[in-house]
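These are the residues of each chain, in order.
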Amino acid sequence: MNKITIAIDGFSSTGKSTVAKQIAKELGYVYVDSGAMYRAVTLYAIKNGLISHDDFNVEALIYQLDKINLTFQFNESLGYAEVYLNGENVESKIRTLEVSGFVSQVAAVSEVRQKLVVIQKKLGEDKGVVMDGRDIGTVVFPNAALKIFMTASAEKRASRRYKELLERGDAITYEAVLENVTQRDRIDTTREDSPLVKAEDAIEIDNSELTLKEQFEKVLQLAKITIEGIE
Ligand code: DC
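Note that the structure is predicted; figures quoted are calculated from it, not measured.

Cut-offs and rules
Residues numbered from 1 in each chain as written. Predicted model: local features only at pLDDT ≥ 70, side-chain atom pairs only at ≥ 80, totals over all residues. Heavy atoms only, no water. Pairing = 2+ DSSP bridges. Helix = DSSP H or I, 4+ residues; strand = E, 2+ residues; numbered from the N terminus. Axes fitted to C-alpha atoms, helices over the stretch in contact; angles between N-to-C directions. Left-handed = near helix turned anticlockwise from the far one by under 90°. Contact = heavy atoms within 4.5 Å. Nonpolar A, V, L, I, M, F, W, Y, C, P; charged D, E, K, R; others polar. Core = buried A, V, L, I, M, F, W, Y, C linked by side-chain atoms within 4.5 Å. Buried < 20%, exposed > 50% of the residue type's maximum accessible area, 1.4 Å probe, protein only.

Thoughts on the sheet that holds strand β5 (residues 88–89)
Pairing within the open sheet is antiparallel, and its 3 strands lie in the order β3-β4-β5. Each edge of the sheet is formed by a strand with only one pairing partner; in this case those strands are β3 (70–75) and β5. Two strands pair when backbone bridges link them, and strand β4 (residues 80–85) and β5 are joined in this way by 2 bridges, in the antiparallel orientation. In the strand pairing of β5, L85 is matched with E88.

Some thoughts on the packing of helix α2 (residues 34–47) against helix α5 (residues 110–123)
Any two packed helices are characterised by the angle at which their axes cross and by the distance between the axes. Put simply, α2 and α5 touch, their axes get as near as 11 Å, and they point 145 degrees apart. The handedness of the crossing between α2 and α5 comes out as right-handed. The segment α2 lies against α5, with S34, M37, Y38 and V41 engaging V112, R113, L116, V117, I119, Q120 and L123. Broken down by class, the residue content of the contact of α2 with α5 amounts to 8 nonpolar, 2 polar and 1 charged.

Points about the environment of L146
Looking at the secondary structure, you find L146 in strand β7 (residues 146–151). Separated by 57 residues in sequence, L146 and I203 place their C-alpha atoms 8.2 Å apart. Ignoring anything within four residues of it in the chain, the contact list for L146 reads I4, T5, I6, A7, I203, V219, L222, A223 and T226.

Describing the nonpolar core
Judged by nonpolar contacts, the single largest core of 38 residues is most densely connected at V41, L61, I68, L70 and V112. Secondary-structure elements contributing two or more residues to this core are α2, α3 (58–64), β4, α4 (97–107), α5, β6 (129–133) and α6 (136–140). When residues of this core are assigned to their parent elements, the largest contribution, 9 residues, is made by α2. Setting aside residues up to four positions removed in sequence, V112 forms contacts with Y38, V41, L61, L65 and V106.

Here's what the structure looks like:
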């Protein structure tokens with residue numbers, strides 16, 4: 001069977017990664033979380049004092065980009081690859097509200113994007129990849145056979161994310177999560193380099209009222225039709 005590239009873009013906390021992981025598992029494809037890479041660079045910037053609430057030393061981050069080594073290692077029990085920052089597994093450290101609070105600023109830096117897009121394109125060279133992010137269908141894989149654009153209301157997304165963070169034991173409020181979600185929407189859609197936009201040939205799915213199962217079935221059906229179509 002021919003393998004295709006599947007690009008899943010959309011706003012933050014739309015459940016892109018959940019469906020992308022499920023689809024990759026079902027098709028025997030590799031799942032790549034491009035947001036994890038932007039989060040890992042952000043974690044590096046926080047740890048090295050390059051970004052804080054009052055300051056973002058963009059030049060220093062650009063200067064230090066060569067020191068940031070990002071790799072993925074497949075975790076058998078999780079069924080997907082975890083991200084490593086300079087050899088350290090940072091999968092859990094990159095999912096905090098602190099990292100979420102800074103990541104859009106870091107992702108707006110062109111030099112950061114250039115570095116990560118090169119890695120992402122390489123990961124997709126052999127097809128058989130499901131990658132989620134913001135610019136996958138527009139910049140990373142403009143020729144992807146299937147492009148999905150996921151949306152949901154900001155309130156729905158914030159309440160899903162809030163539940164996840166509570167389950168992890170993070171001390172946060174729903175209002176803080178909603179604020180983060182809307183702020184990231186604003187920065188991600190208005191940045192100059194590769195803003196979040198729906199690719200012309202992407203299929204939009206609003207999952208505000210869909211269960212995870214319904215969303216999975218919808219995307220899987222689209223994937224199967226696309227694969228059949230190119231055979
Ligand atoms: O998907 P996520 O929430 O983990 O992504 C974190 C941030 O990274 C998001 O606010 C925007 C940025 N991002 C990006 O600019 N381009 C991508 N391909 C993926 C993520």
